[in-house]
Amino acid sequence: MSNKILVVDDERPIADIIKYNLEKEGYKVFIAEDGQQAIDYTYEYKPDLIILDIMLPVMDGFTVCKKLRENVNTPIIMLTAKEEEVDKVLGLELGADDYMTKPFSFRELLARVKANIRRVNFSNNGTEGGGQIIKSSNLIIDLNKYEVRKDDRVIELTLREFELLKYLAQNAEQVFSRETLLEEVWGYEYYGDVRTVDVTVRRLREKIEDDPSNAKFVQTKRGVGYYFRRM
């Protein structure tokens, strides 16, 4: 069965070009032209990936992303014509997995789409590790179920947050640079800002740490990167 992608962009020529090229790669593509339609189509078609423009009528992309993240963990790639760093960071903080600035090459977009889809397919198969579980203090990471629990409470993570936590936990006590994490967790050579890693780590800490400002699981090695502390 083909993976489904929702393209959200009110500039129909751009949306049509993206749709045409993705369909050539074998994906099933739907187009939404405003923010509310994006939310409606997400629940109707249940896409495996959302390509979401920021500048939309009815409801902007930031609001769409925030609303979807209340119930949906589908990977989101945000598109923006803006260069301001604050816009990129805000999108990531609201739960987007990635961003691209217009204009962009389709080759680069396709690389990011494929990387995210691979992870969706892998998590849906749920075959890794035969139910392997990683425990650290009161935190339990179930690699087979793609589930994280703390004190018997399930913690809702996006796919990207889970992938980052899984990678760090599987390599506990080993320090990784931001560039290495982008390559290993995001799944491609990244043509962007390593701030992506910092924002994702911050979101992850807010969900799994008792005190995000004094993290005990995901640690920072100043001037180097991040590592997972096994307890």
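Residues numbered from 1 in each chain as written. Predicted model: local features only at pLDDT ≥ 70, side-chain atom pairs only at ≥ 80, totals over all residues. Heavy atoms only, no water.

Visitor: Would you mind showing me how to read the sheet that holds strand β12 (residues 225–228) here?
Guide: Two modes of strand pairing occur in sheets, parallel and antiparallel, and in both the strands are linked by backbone hydrogen bonds. With antiparallel pairing, 3 strands are arranged side by side in an open sheet as β10-β12-β11. Every interior strand has two partners, whereas the edge strands, β10 (176–177) and β11 (218–221), have only one. Bridge count for β10 against β12 is 2 bridges, and the pairing is antiparallel. From the neighbouring strand, S177 faces β12, where its bridge partner is G225. Set on the sheet, helix α8 (residues 195–208) makes contact with β11 and β12; between it and β11 the angle comes to about 140°. (Pairing = 2+ DSSP bridges. Helix = DSSP H or I, 4+ residues; strand = E, 2+ residues; numbered from the N terminus. Contact = heavy atoms within 4.5 Å. Axes fitted to C-alpha atoms, helices over the stretch in contact; angles between N-to-C directions.)

Visitor: How should I be thinking about the sheet that holds strand β7 (residues 139–142) in this particular structure?
Guide: Ordered by their spatial adjacency, 4 strands build an open sheet running β6-β7-β8-β9, and the pairing between neighbours is antiparallel. Each end of this open sheet is capped by a strand with a single partner; those strands are β6 (133–136) and β9 (153–155). Adjacent strand axes in the sheet meet at a mean angle of 25°, parallel and antiparallel pairs treated alike. Sheet topology note: the β7/strand β8 (residues 147–150) ladder contains 4 bridges and is antiparallel. Note that in β8 the partner of I141 across the bridge is V148. Sitting on the sheet, helix α6 (residues 159–170) is in contact with β6, β7 and β8, with an inclination near 105° to β7.

Visitor: Would you take a moment to explain the UniProt feature "modified residue: 4-aspartylphosphate" (unreviewed entry) in the protein chain for this structure?
Guide: The residues that UniProt annotates with the feature "modified residue: 4-aspartylphosphate" (unreviewed entry) are D53. Residue position: D53 is located in strand β3 (residues 49–53). Residues contacting D53, with those up to four places away along its chain left out, are V8, D9, D10, G61, L79, T80 and K102. (UniProt positions renumbered as here; feature names shortened; annotations may be inferred.)

Visitor: Is there a simple way to think about the packing of aromatic side chains in this case?
Guide: What describes a pair of aromatic rings is the distance from one ring centre to the other and the angle between the planes of the rings. Under the counting rule described, the total for this entry stands at 5 aromatic pairs. Where Y167 meets F176, the ring centres are 4.9 Å apart and the plane angle is 55°; that geometry is what we call tilted. Between F217 and F228 the ring centres are 6.3 Å apart and the planes differ by 15°, which places this aromatic pair in the stacked class. Of this pair, F217 sits in the loop between α8 and β11 while F228 sits in strand β12, and the two are 11 residues apart along the sequence. Take F217: its relative accessible area is 0%, and that puts it in the buried class. Using a relative accessible area of 0% as the deciding quantity, one classes F228 as buried. A network of ring pairs unites the aromatic residues F30, Y41 and Y45 as a single cluster. (Phe/Tyr/Trp six-rings, centres within 6.5 Å; stacked < 30°, edge-to-face > 60°. Buried < 20%, exposed > 50% of the residue type's maximum accessible area, 1.4 Å probe, protein only.)

Visitor: It is not clear to me how empty space enclosed by the protein should be interpreted in this structure. Could you clarify?
Guide: Which parts of space are left empty comes out when a probe the size of a water molecule is rolled across the atoms. For the structure shown, the criterion picks out 1 cavity of 30 Å³ or more. For the largest cavity, the calculated volume is near 40 Å³. As for the largest cavity, its lining consists of I54, M78, T80, D87, K88, G91, L92, A96, D98 and Y99. Elements with a minimum of two residues in the lining of the largest cavity: β4 (76–80), α4 (85–93) and β5 (98–101). Ranked by residue count, the leading element in the lining of the largest cavity is α4, at 4 residues. A per-class count over the lining of the largest cavity returns 5 nonpolar, 2 polar and 3 charged. (1 Å grid on protein atoms, 1.4 Å probe; cavity = no way out; pocket = protein on both sides within 12 Å on 5 of 7 lines; lining within 4 Å. Points joined across faces, edges and corners; volume = space filled by probe spheres on them. Nonpolar A, V, L, I, M, F, W, Y, C, P; charged D, E, K, R; others polar.)

Visitor: Can you help me understand the pattern of salt bridges in this one?
Guide: Note on pairing: side chains with opposite charge can pair once their charged atoms come close. For the structure on display, the rule yields 17 salt bridges. We note a salt bridge from D16 to R12, for which the minimum N-O separation is 3.0 Å. With D16 and R12 both in helix α1 (residues 12–24) and 4 residues apart, the pair spans about one turn of that helix. When the shortest N-O distance is used, the salt bridge between K19 and E23 registers 2.7 Å. One end of the pair, K19, and the other, E23, are both in helix α1, 4 residues apart, so they sit about a helical turn from each other. By relative accessible area, which is 24% here, K19 ends up partly exposed. E23 sits in the partly exposed class, given a relative accessible area of 36%. Counted as one network, the salt bridges with shared partners bring together D9, E11, D53 and K102. (Salt bridge = Lys/Arg side-chain N within 4 Å of Asp/Glu carboxyl O.)

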